[in-house]
Amino acid sequence: MSENLIQYGTSFQSKIITSLLLDSKFTKQIIEILEVSYFDTDSNKYLIKSIKEYFVKYKTPPTMEAVKVIMEEVDNPTLKTTIVDSLRNAWNHREATDLPFVQEKTETRLLSSYLANKQAIDLMSRGKDTPFDMDTAKVFVKKYEKKKVVDPETGKKISYEEASQKSNAYNDTVLKYAFDGGLITKESYQAFKEINKNYVPMAAELPKPGQSGFIKGASNPFRRLKGQKIYKIIDPLESIVKNTDYIIRMTELNKAKNDFIYNFVLEQQKKDPTSFDWIKKKKGNLKPIEIQRKELENIMDKDVVKKLSDKGVEELLIFRQEAVYPDANSFSLRNTKTGKYEVWEVGEDLVNAYRVMDNPGMNTFQRWMSAPSRTLRAGAIVTPDFAVP
């Protein structure tokens, strides 16, 4: 957690001190869970320590006069000078328009730290390595599980533990969206729910564009983190937001592909067998199950992979870069009626269009493609440009 505020820079930390001095409501809510170690400079640490001690004793933030009196107790001339400078910087931010944002971000970071530490305890209890220290994580969770945070839905205060449970429920809702939208099958849905009980995403790194392997975005939303100690964990709440975006986009894109192939292309071919004759279903080049299982063990707990049936393992192909777009001329989809993974050869231009366009854009594209054939010039190049107003 110590990096969670330091990474925002000195100005952000200075504005936290400003908020503590000027906003008693914010100070009361955050003071008990705001640690000196969250700040990088000795001068800021001194100010935070002094404000905390003053608030605990007098139940109100110190005035500038009180802080100046407290500073007189500092014997080190160099430290005193830096404290004066830090206090001056903080006071200069008193008219800053982004103080509410700084306060909200600070509270959110602390909640994120709670969620990450709780998840780390679960991983480490099963023998998985994480960048967290088990004893420290336990102390953190125990100390803050009853601390309050404002619920954005109700405006009321709920405990960190209650917020954690709401996070779990939210993740289940997003997962069900993918199931209802046909992106994942019933078997996958049930497996993911079992695997990801009390799940908090702990993404560690982003894939490079075009990278082979499982698509992660911020993280792969449909996997449980395999323990690791190397990479810094991304903010869990940030990962939840990105995972939500990823799942919705993947679900809607899969719907658009199904709609294009089954409700448009195949219907057009019934009327005219020569129309879109370059679009055809092809056999997917799937790897043997044994190889797929070994690859999954690189990103998932081995005991989790064992629980998945061969069909469940195959279904996870939908989240591979090379499975979504098997080659330059093809894309894949999950058939929303049969639940089967399918590969369709549609041409490089259409593949590129689906890579860069959102669902509304593809709907526009499909309406354009359904225009009378006389309006389509022979050899016309299909590009995303047509979607631009």
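Residues numbered from 1 in each chain as written. Predicted model: local features only at pLDDT ≥ 70, side-chain atom pairs only at ≥ 80, totals over all residues. Heavy atoms only, no water.

Asker: Just give me the short version of the pattern of salt bridges, but keep the residues and values in it.
Answerer: In total, this model carries 14 salt bridges according to the counting rule given. Among the ionic pairs, D180 bridges to K176, the shortest N-O distance being 2.9 Å. Residue D180 and its partner K176 are located together in helix α9 (residues 160-180), separated by 4 residues, close to a single helical turn. The class of K176 is partly exposed, set by a relative accessible area of 37%. For E267, the salt bridge goes to K270, with nearest N and O atoms at 3.2 Å. You can see E267 and its partner K270 sitting in helix α11 (residues 236-271), 3 residues apart, about one turn around the helix. Exposure remark for E267: the relative accessible area of 32% places this residue in the partly exposed category. Each of D151, E153 and K166 takes part in salt bridges that share partners, so that together they form one network. (Salt bridge = Lys/Arg side-chain N within 4 Å of Asp/Glu carboxyl O. Helix = DSSP H or I, 4+ residues; strand = E, 2+ residues; numbered from the N terminus. Buried < 20%, exposed > 50% of the residue type's maximum accessible area, 1.4 Å probe, protein only.)

Asker: Before we move on, could you go through the confidence of the model for the protein and cite the residues and values that matter?
Answerer: Residues of the protein with pLDDT of at least 70 account for 70%, and the chain-wide mean is 75. pLDDT under 50 marks residues 202-231. Its contacts with residues more than four places away, or in other chains, come to 95 contacts. Of the regions scoring below 50 in pLDDT, residues 368-389 engages in 17 contacts with residues more than four places distant in sequence or in other chains. (pLDDT = per-residue confidence, 0-100. Contact = heavy atoms within 4.5 Å.)

Asker: How would you sum up the pairing of strand β4 (residues 330-334)? Please name residues and give values.
Answerer: Counting buried positions along β4 yields 5 of 5 residues, so the element is predominantly enclosed. On β4, burial covers both faces: S330, S332 and R334 on one face and F331 and L333 on the other are all buried. Sheet topology note: the β4/strand β5 (residues 341-345) ladder contains 5 bridges and is antiparallel. Across the sheet, R334 pairs through a bridge with Y341, a residue of β5. From the end of β4 to the start of β5, which pair antiparallel, there are 6 residues, and G339 there has a positive phi angle of about 80°. (Pairing = 2+ DSSP bridges.)

Asker: Help me get a handle on the packing of helix α4 (residues 42-58) against helix α5 (residues 64-71), residues and values and all.
Answerer: Packing of α4 against α5 brings their axes to within 11 Å, and their N-to-C directions diverge by 115°. Where α4 crosses over α5, the two elements pack in a sense that is right-handed. Across the interface between the two elements, Y46, L47, S50 and Y54 from α4 touch A66, V67, I70 and M71 from α5. For the contact of α4 with α5, the residue count by class is 7 nonpolar, 1 polar and no charged. (Axes fitted to C-alpha atoms, helices over the stretch in contact; angles between N-to-C directions. Left-handed = near helix turned anticlockwise from the far one by under 90°. Nonpolar A, V, L, I, M, F, W, Y, C, P; charged D, E, K, R; others polar.)

Asker: So what about the sheet that holds β5? Which residues, and what values?
Answerer: Spatially, β3-β5-β4 is the arrangement adopted by the 3 strands of the open sheet, whose pairing is antiparallel. For this open sheet the edge positions go to β3 (280-282) and β4, each flanked by a neighbour on one side alone. If you compare each strand with its neighbour and ignore which way they point, the axes differ by 40° on average. Of the strands in this sheet, β4 and β5 are in contact with α11, which crosses β4 at around 105°.

Asker: With reference to specific residues and values, describe α4.
Answerer: With 17 residues, α4 ought to run about 24 Å at 1.5 Å a step, and its terminal C-alpha atoms sit 24 Å apart, in line with that. Along α4, the positions that sit buried rather than exposed are S43, N44, Y46, L47, I48, S50, I51, K52 and F55. The secondary structure elements touched by the buried residues of α4 are α2 (10-22), α3 (24-30), α5 and α6 (77-92). Where α4 terminates, the next one or two residues include K59, which has phi positive at roughly 60°. (Expected span 1.5 Å × (residues − 1).)

Asker: Lay out the packing of aromatic side chains with the relevant residues and their values.
Answerer: Inspection of the entire model under this criterion finds 9 aromatic pairs. An aromatic cluster of at least three residues, connected via ring pairs, comprises F260, F264, F276, W278, F331 and Y354. (Phe/Tyr/Trp six-rings, centres within 6.5 Å; stacked < 30°, edge-to-face > 60°.)

Asker: Summarise α6; cite the residues concerned and give the values.
Answerer: With 16 residues, α6 should reach 22 Å at 1.5 Å per residue; the first-to-last C-alpha distance of 23 Å fits that figure. Where α6 is concerned, the buried positions are I83, S86, L87 and A90. Down the axis, α6 shows its buried residues gathered within 100° of arc, on one side only. Exposed positions of α6 whose direction lies more than 90 degrees from the buried face are P77, T78 and N92. In the core, the buried residues of α6 are packed alongside α2, α4 and α5. Between the side-chain oxygen at the start of α6 and the backbone nitrogen of T78 there is a gap of 2.9 Å, and the oxygen is on N76. (Arc of directions from axis to C-beta. Polar contact = N/O pair within 3.5 Å; in protein donor to acceptor, adjacent residues only side chain to side chain.)

Asker: Hey, could you go over the environment of M124 for me, with residue numbers and the actual values?
Answerer: As for its position among the elements, M124 is in helix α7 (residues 99-125). Judged by relative accessible area, which is 16%, M124 ranks as buried. Through-space distance from the C-alpha of M124 to that of M134 is 7.0 Å; in sequence the pair is 10 residues apart. Each residue touching M124, except ones within four places of it in the same chain, is listed here: T130, F132, D133, M134 and A137.

Asker: Tell me about unusual backbone geometry, residues and numbers included.
Answerer: With phi around 60°, K59 is a residue other than glycine that occupies positive phi space. For K59, the position within the fold is in the loop between α4 and α5. According to the relative accessible area criterion, K59 is exposed, its value standing at 61%. For F276, which is not glycine, the phi torsion reads 50° and is therefore positive. Inspection of the secondary structure assignment puts F276 in the loop between α11 and β3.

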